[in-house]
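A closer look at the structure
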Amino acid sequence: MTDTAAEPVLLRAGVTPDAGEPGPLPAGRADAVVFAVGDAERAARRYCAALGLRCTAYAGPETGEPETTSYVLAAPGTRIVLTSLVQAIGPRGRELAAYLERYGDGVLDVAVSVPDVYYAYDYAVDRGALSLAEPYRARDAYGTVVLATIGVPGGTRHTLVDRGGYAGPYLPGYVPHDGF
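To start, this report covers the structure provided alongside it. (Residues numbered from 1 in each chain as written. Predicted model: local features only at pLDDT ≥ 70, side-chain atom pairs only at ≥ 80, totals over all residues. Heavy atoms only, no water.)

Bringing the sheet that holds strand β5 (residues 68-75) into the picture now. Strands in a sheet are paired, the pairing made by backbone hydrogen bonds, and the direction either parallel or antiparallel. Read across the sheet, nine strands follow the order β8-β9-β10-β7-β3-β6-β5-β4-β11 without closing on themselves; strand pairing throughout is mixed. The sheet is open, and its two borders are formed by β8 (130-140) and β11 (175-176), each paired with just one other strand. Across the sheet, helix α2 (residues 91-103) lies against β3 (30-36), β5, β6 (78-85), β7 (106-113) and β10 (157-166), angled at about 95° from β6, the strand it touches most. (Pairing = 2+ DSSP bridges. Helix = DSSP H or I, 4+ residues; strand = E, 2+ residues; numbered from the N terminus. Contact = heavy atoms within 4.5 Å. Axes fitted to C-alpha atoms, helices over the stretch in contact; angles between N-to-C directions.)

Turning our attention to the state of the cysteines. As used here, a disulfide is simply a covalent bond connecting the sulfur atoms of two cysteines. Counted under the stated rule, the structure contains zero disulfides. Not part of a disulfide, C48 finds its nearest cysteine sulfur in C55, a span of 5.6 Å. Among the residues examined, C55 registers a relative accessible area of 2% and is labelled buried. (Disulfide = S-S within 2.5 Å. Buried < 20%, exposed > 50% of the residue type's maximum accessible area, 1.4 Å probe, protein only.)

The next thing to look at is the side chain of T83. Tracing the chain through its elements places T83 in strand β6. Accessibility expressed as a relative area gives 4% for T83, which makes it buried. In this structure the side chain of T83 is engaged in a polar contact, spanning 2.8 Å, whose partner is the side chain of S70. Setting aside residues no more than four positions away along its own chain, T83 makes contact with V34, F35, A36, V37, A40, T68, T69, S70 and L96. (Polar contact = N/O pair within 3.5 Å; in protein donor to acceptor, adjacent residues only side chain to side chain.)

There is a patch of like negative charges on the surface, built from D116, D122, D126 and E134. Mapped onto the elements of the fold, D126 is located in helix α3 (residues 117-126). When its relative accessible area of 63% is taken as the criterion, D126 is described as exposed. (Patch = residues over 30% accessible without salt bridge, like charges linked within 9 Å, V, L, I, M, F, W, Y side chains within 5 Å. Areas by Shrake-Rupley, 256 points an atom, 1.4 Å probe, with all protein chains shown as cover. Salt bridge = Lys/Arg side-chain N within 4 Å of Asp/Glu carboxyl O. Lys, Arg positive; Asp, Glu negative; His and termini not counted. Charge placed at Lys NZ, Arg CZ, Asp CG, Glu CD.)

On to α2, then. In a regular helix each residue adds 1.5 Å, so 13 residues correspond to 18 Å; α2 covers 18 Å between its end C-alpha atoms and thus fits that length. Listing the buried residues of α2 in full gives G93, L96 and Y99. Along the axis of α2, the buried residues cluster in a sector spanning 130°; they form a single face. For α2, exposure combined with an orientation more than 90 degrees from the buried face picks out P91, E101 and R102. (Expected span 1.5 Å × (residues − 1). Arc of directions from axis to C-beta.)

As structure tokens, then:
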């Protein structure tokens, strides 16, 4: 993700809109790249040391997430989330375990900031994207985030994110982290 990723773009699905067709999908910028890794804390320490990233948020068993541990690393124009499995007791843990077994460390999700998750989700699904999670709201003391997840050819999922009403460190369930 470079500085140009932060500039607004228009995604065109190869369709020229007519009077009844919605226009191109307005997308903001890349919100985050989520990596599945074997050991999130170790990877986060290495990324911070080697790339000069700053750890800004954390979620794990101590914050109410019993299946995974995640560290959010940031730099101007960049947000990377490193997630590893603690235990596979539910769907999220089983999904991460299956991904790591099949692919090893790799990109699990590319989150994209959009101004209207409901519209972006409908737009993408109407044009062939696989619905993985319909739009929903997640809340905590910092506010509300609207999220939806779609699947596209190639296997990497894409989470649509609207942070317009959220001032937290990353997403609900994450707590600020002062780094290593």
